[in-house]
Amino acid sequence: MTPTRKRRLIAVVLILAGVGVASTIAFYSLQENLLYFQSPSELAQQPIPAGRQFRLGGLVKPGSVERQGESLTTQFVVTDGPEEVTVEYVGTLPDLFREGQGVIARGALDDSGLFAASEVLAKHDENYMPPEVADALKESGHVSMQSKDEG
Amino acid sequence: MLPELGQIALIGALLISLTMGTLPLIGASNGNQKLMRVGQTGAIAQFFLIAFSFVILTWAFVVQDFSVEYVARNSNSLLPMQYRFSAVWGSHEGSLLLWELILCLWTFAVAIFSKKLPDDFRARTLAVLGWISAGFLLFVIFTSNPFGRLIPQAVDGLDLNPLLQDPGLIIHPPMLYMGYVGFSVSFAFAVAALLGQQVTREWVRWSRPWTHVAWAFLTLGIALGSWWAYYELGWGGWWFWDPVENASFMPWIIGTALIHSQAVTEKRGTFRNWTLILAITAFSLCLLGTFLVRSGVLTSVHAFASDPTRGVFILTYLVVVVGGSLLLFAIRAPGMVQGSNFAGLSRETLILLNNLLLVVMAAMVLTGTLYPLLLDALDAGKISVGPPYFGTLFALLLIPLAVLLPFGFYARWQEDSLKRLLGELRVPAFAALVGGVATYFLLPTAGGWGVAGVAGAFWIMASCLRYYRERMTANPGQRPGRGETGMIIAHFGVGLFLVGASLTNPVSSEKHLRMVAGDSFELAGYNFVFEGTRGVRGPNYVADEGEFIVYKSGKRVTSLYPQKRRYSNGQVMTEAALDPGLTRDLYVGLGEALNEQGTAWAVRLYHKPFIRFIWIGALLMMAGGFLAATDRRYRRPVSQKAETRPTDANLAEAPA
């Protein structure tokens, strides 16, 4: 092999090794940070073990929002029609959080089946429904409440 | 009547763009001067027609013509005048018209400022831009017409999304689009060079200033978006790895790689194919971004509406542009061996490493952004990729980038010795050590990433300063031009950005708490006293306004007035209050009232050190980009013969 070729070969091998290492790290990092989205119905069919992080989405059940005294702890029920899950969140809720509206909560179930949320996301404006929530509602046949939100 | 004229102007512009896309190409292939000149005339006419229709849409907002559906949806009789202007691009249809207007502006600029280019090359470039414009106009006219009428006319409008009623949002979209769409010029230059088989060093020199300007605008647009999210979303974060942010960040990363690769191609003639590929990729990612943001596949403040035909249209457009240009590349790409050889350690190698790292970074962002969409499309479950994925990988890739950066501008072209480079970089290495140690002792909460970040930042900034001082003491004839000065400024900006990005998160403190009037809370040495709330009234909202007085060691620092607004359309929004400073921001957000009487409130308090460095760094990068674009050598008349070697000494010679 000529010196030039040898040098090129080394360069190519180094680059391939670098890309290989980068993709391996990327792959594991991706696996670790995947968050699945579940609707209450899906959760009822396929329970998720307590402590495992996922995203729960649905509508905030009207009349279910309850604040513990005047503290920052709030409990509310997320429903997709047939099933519901109680969520507890400590902190300030987003501006567009409202009863009867779509919501996505990130967190995990505790041993008693309560969903402890570390983050609550509401839609960004009045006319917009998070696509995941819209699909989940459609699947569970619960479409009446969101019809005005389409468009 | 006026809106119909606006629509006719759009159709007229479409016809012109189609003409621009065809006649000059024919002219360029058979040397017909008349046909080639159609490109310039077309570019000018197209620009004025689109500007006309844009003015008409703006006028409809100013006079509140609620018979236009788009106006009725995104405005309201109470909307203040300055937001009537920004409401034009506040939603889907208008923002596409803005996209098209900016494309026409760039095309117009190419027509005006490229008089020195060979006629056939200019004709081809304008033809490519004409095709891009035609595709976009078809999209606007058939799926997203902003001039559609509402019959019967609405009595009042629905109002602009309150999140968008903010001064930052008046300038963020136009600046971002100037960047996004600006890469269409680099793309058009690349495709025109392939079509005419003119992939020469001179071609790169013509293309470089356009790339610099587009990149500088994109930098500014992204920085404005980040700044806006910080103060307007009310959560104190500056980057969320939201798919929409990623959509603008990916073209930025590839654009950065392109700028570096173009430097090598211009100076040394190597990396030609690579430069072409990057130019095509950068614009493709801009289109992909437009698709992601505008098709409604993403949950985001930017996803205005989900209309499947729109998504399908942009996707088809994307496939045609990307597929077509890559096919052209496959057929026409110049041969592999070209330009001068270089050794294992040389500026070429270092820029190659820079490009590899940046491309891996873009690929990592692309994977994280598209993977959830892919799984969803395959019905394999709905997932999202958490921000730690992006954060970790970004930081890991930044380490080699930051370490290698100073070597990049110290290294000589073709060949250099490690011993010489290490000698040059002794002082920056010492600065890095001092910076890291100082951070470790002065900011104990900074942690490993904070210490590493500051050390890296000092390493970069010290090398910039040292390098610039050396270059300024060189012989008068060899002093740095604007291109080189711009480069140093931009890299210094990278250092400042690194200070902010690595320190802000670990050193910040935040507290969510319940407060009633008279309560106080001490955060990071600042005492926040809540004085209570009062009702205030704005032009189109009513609000509860809290008053917080902040003390430090007994002395009053500032008063902050966060608001909880209720807009006329019923939407509720938090308007955070902040006291900016070079070394720290104080930030208060008002949550909801915790009791019926409205005396107890949920409150968010933040102390954010060094966050301004992030945007100051970005502004310096932008300034460097603009300055480099004005370098004298880009304005030199072009000789038709290829040059044998670069004559300007600035980047080719490293200081002794």
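Engineer: For this particular structure, what's the right way to read helix α12 (residues 347-377) of chain B?
Structural biologist: Along an α-helix, residues three or four apart share an orientation, since each turn contains 3.6 residues. Residue and element names in this part refer to chain B. Given a rise of 1.5 Å per residue, 31 residues ought to cover 45 Å, and the 44 Å separating the end C-alpha atoms of α12 matches this to within 8%. Along α12, the helix axis deviates most sharply at L370, where the bend reaches about 35°; the proline P372 sits within four residues downstream. Positioned one or two residues after α12, D379 has a phi angle of 60°, which is positive.

Engineer: Even after reading the chapter, I still don't get the domain arrangement of chain B, so can you show me in this structure?
Structural biologist: The accessible area lost on association of the parts is a frequent measure of interface size. You can read the domains of chain B as domain 1 (1-165), domain 2 (175-409), domain 3 (410-506) and domain 4 (509-611). When each unit is reduced to the centre of its C-alpha atoms, the spacing between domain 1 of chain B and domain 3 of chain B is 44 Å.

Engineer: Where do I start with the interface of chain B and chain A in this structure?
Structural biologist: Between chain B and chain A, the contact holds 44 residues from the first and 35 residues from the second. Buried surface at the junction of chain B and chain A, summed over both partners, amounts to about 3,400 Å²; 57% is from carbon and sulfur atoms. Between the two partners, chain B and chain A, sit 2 salt bridges. Salt-bridge contacts for A:R67 lead to B:E592; the nearest nitrogen and oxygen are separated by 2.6 Å.

Engineer: Can you help me understand the pairing of strand β7 (residues 563-567) of chain B in this one?
Structural biologist: Residue and element names in this part refer to chain B. Of all the 5 residues making up β7, 4 are buried; the element is thus mostly covered by neighbouring parts of the structure. Of the strand pairs in this sheet, strand β5 (residues 541-552) and β7 are connected by 5 bridges, and their pairing is antiparallel. Each bridged residue has a counterpart across the sheet, and for V542 the counterpart in β7 is R566. When β7 meets strand β8 (residues 572-575), the two strands line up antiparallel, connected through 4 bridges. Looking across to β8, one finds that R565 is bridged to M573. Here β7 folds back onto β8, and the loop between the two strands holds 4 residues, one of which, G570, carries a positive phi near 90°.

Engineer: How should I be thinking about the sheet that holds strand β2 (residues 509-516) of chain B in this particular structure?
Structural biologist: The pairing of strands in a sheet comes from backbone hydrogen bonds and takes either a parallel or an antiparallel form. Residues and elements named next belong to chain B. Spatial strand order, β2-β11-β10-β9: 4 strands in an open sheet with antiparallel pairing. Both outer strands of the open sheet, β2 and β9 (577-579), are each paired with one neighbouring strand and no more. Across this sheet, the average inter-strand angle for adjacent strands is 20°, counted without regard to direction. Relative to strand β11 (residues 600-609), β2 is paired through 8 bridges, and the arrangement is antiparallel. Bridge assignment links L513 to a residue of β11, and that residue is V603. Running at roughly 50° to strand β10 (residues 584-593), helix α8 (residues 201-232) makes contact with β9, β10 and β11 of the sheet.

Engineer: I'm lost on the nonpolar core in this one. Help?
Structural biologist: General note: in soluble globular proteins, nonpolar side chains tend to be found buried as a group. All names here are of chain B. Core analysis: the largest hydrophobic core is formed by 148 residues, its most contacted members being W99, W106 and W203. At 16 residues, helix α7 (residues 167-196) tops the list of elements feeding residues into this core. Filtering out sequence-adjacent residues up to four positions away, W99 remains in contact with F136, Y177, Y180, V181, F283, L287 and T290.

Engineer: So what exactly am I meant to see when it comes to the packing of helix α1 (residues 3-32) of chain A against helix α13 (residues 387-410) of chain B here?
Structural biologist: Angle between the axes and distance between the axes are the two parameters that describe a pair of packed helices. In the contact formed by α1(A) and α13(B), the axes pass within 9 Å of each other and the chain directions differ by 160°. Regarding the angle of α1(A) to α13(B), the classification is roughly antiparallel. Once α1(A) is placed against α13(B), the crossing between them reads as right-handed. Taken together, the residues of α13(B) that come into contact with α1(A) (itself represented by A:I25, A:A26, A:S29 and A:L30) are B:Y389, B:T392, B:L393 and B:L396. Grouping the amino acids of the contact of α1(A) with α13(B) by side-chain chemistry returns 6 nonpolar, 2 polar and no charged.

Engineer: Just to check I follow, could you spell out the packing of aromatic side chains for this structure?
Structural biologist: Describing an aromatic ring pair means giving the distance of the ring centres and the angle of the ring planes. Residues and elements named next belong to chain B. According to the stated counting rule, one finds 42 aromatic pairs over all chains in the structure shown. For the pair Y177 and Y180, a centre-to-centre distance of 6.5 Å together with 20° between the ring planes defines the contact as stacked. Taken together, the residues span about one helical turn, with Y177 and Y180 both in helix α7 at a distance of 3 residues. With centroids separated by 5.8 Å and ring planes inclined at 65°, the aromatic side chains of F249 and F394 adopt a geometry described as edge-to-face. Of this pair, F249 sits in helix α9 (residues 243-268) while F394 sits in helix α13, and the two are 145 residues apart along the sequence. In textbook terms, an aromatic cluster arises when at least three aromatic residues are bridged by ring pairs, as seen for W215, W239, W241, F249, W252, Y389, F390 and F394.

Engineer: I keep staring at the environment of B:L117 and nothing clicks. Help me out?
Structural biologist: Residues and elements named next belong to chain B. Here L117 shows up in the loop between α5 (92-113) and α6 (119-143). The exposure class assigned to L117 is buried, which follows from its relative accessible area of 7%. Separated by 85 residues in the primary sequence, L117 and E202 have C-alpha atoms spaced 9.8 Å apart. When residues no more than four places from it in sequence are discounted, the contact partners of L117 are R122, F189 and W206.

Engineer: Quick question: what am I supposed to make of the side chain of B:T256 here?
Structural biologist: Residue and element names in this part refer to chain B. Within the element layout of this structure, T256 appears in helix α9. Assessed through its relative accessible area of 9%, T256 is described here as buried. Dropping the residues within four chain positions of it, T256 is found in contact with W215 and L358.

Engineer: Is there a simple way to explain the pattern of salt bridges in this structure?
Structural biologist: Where charged atoms from two side chains of opposite charge come close, those side chains can pair. Residue and element names in this part refer to chain B. For the structure shown, the criterion picks out 22 salt bridges over all chains. The residue R208 makes a salt bridge to E266 at a minimum N-O spacing of 2.5 Å. Taken as a pair, R208 in helix α8 and E266 in helix α9 lie far apart in primary sequence, 58 residues in all. Of the residues examined, E266 reaches a relative accessible area of 3% and is grouped as buried.

The rules we used
Residues numbered from 1 in each chain as written. Chains lettered and ligands numbered in written order. Predicted model: local features only at pLDDT ≥ 70, side-chain atom pairs only at ≥ 80, totals over all residues. Heavy atoms only, no water. Helix = DSSP H or I, 4+ residues; strand = E, 2+ residues; numbered from the N terminus. Expected span 1.5 Å × (residues − 1). Bend = angle between axes of the 7 residues up to and from the residue. Domains from an automatic or database assignment. Contact = heavy atoms within 4.5 Å. Buried area = accessible area lost by both parts, 1.4 Å probe. Salt bridge = Lys/Arg side-chain N within 4 Å of Asp/Glu carboxyl O. Buried < 20%, exposed > 50% of the residue type's maximum accessible area, 1.4 Å probe, protein only. Pairing = 2+ DSSP bridges. Axes fitted to C-alpha atoms, helices over the stretch in contact; angles between N-to-C directions. Core = buried A, V, L, I, M, F, W, Y, C linked by side-chain atoms within 4.5 Å. Parallel < 35°, antiparallel > 145°, perpendicular 65-115°, else oblique. Left-handed = near helix turned anticlockwise from the far one by under 90°. Nonpolar A, V, L, I, M, F, W, Y, C, P; charged D, E, K, R; others polar. Phe/Tyr/Trp six-rings, centres within 6.5 Å; stacked < 30°, edge-to-face > 60°.

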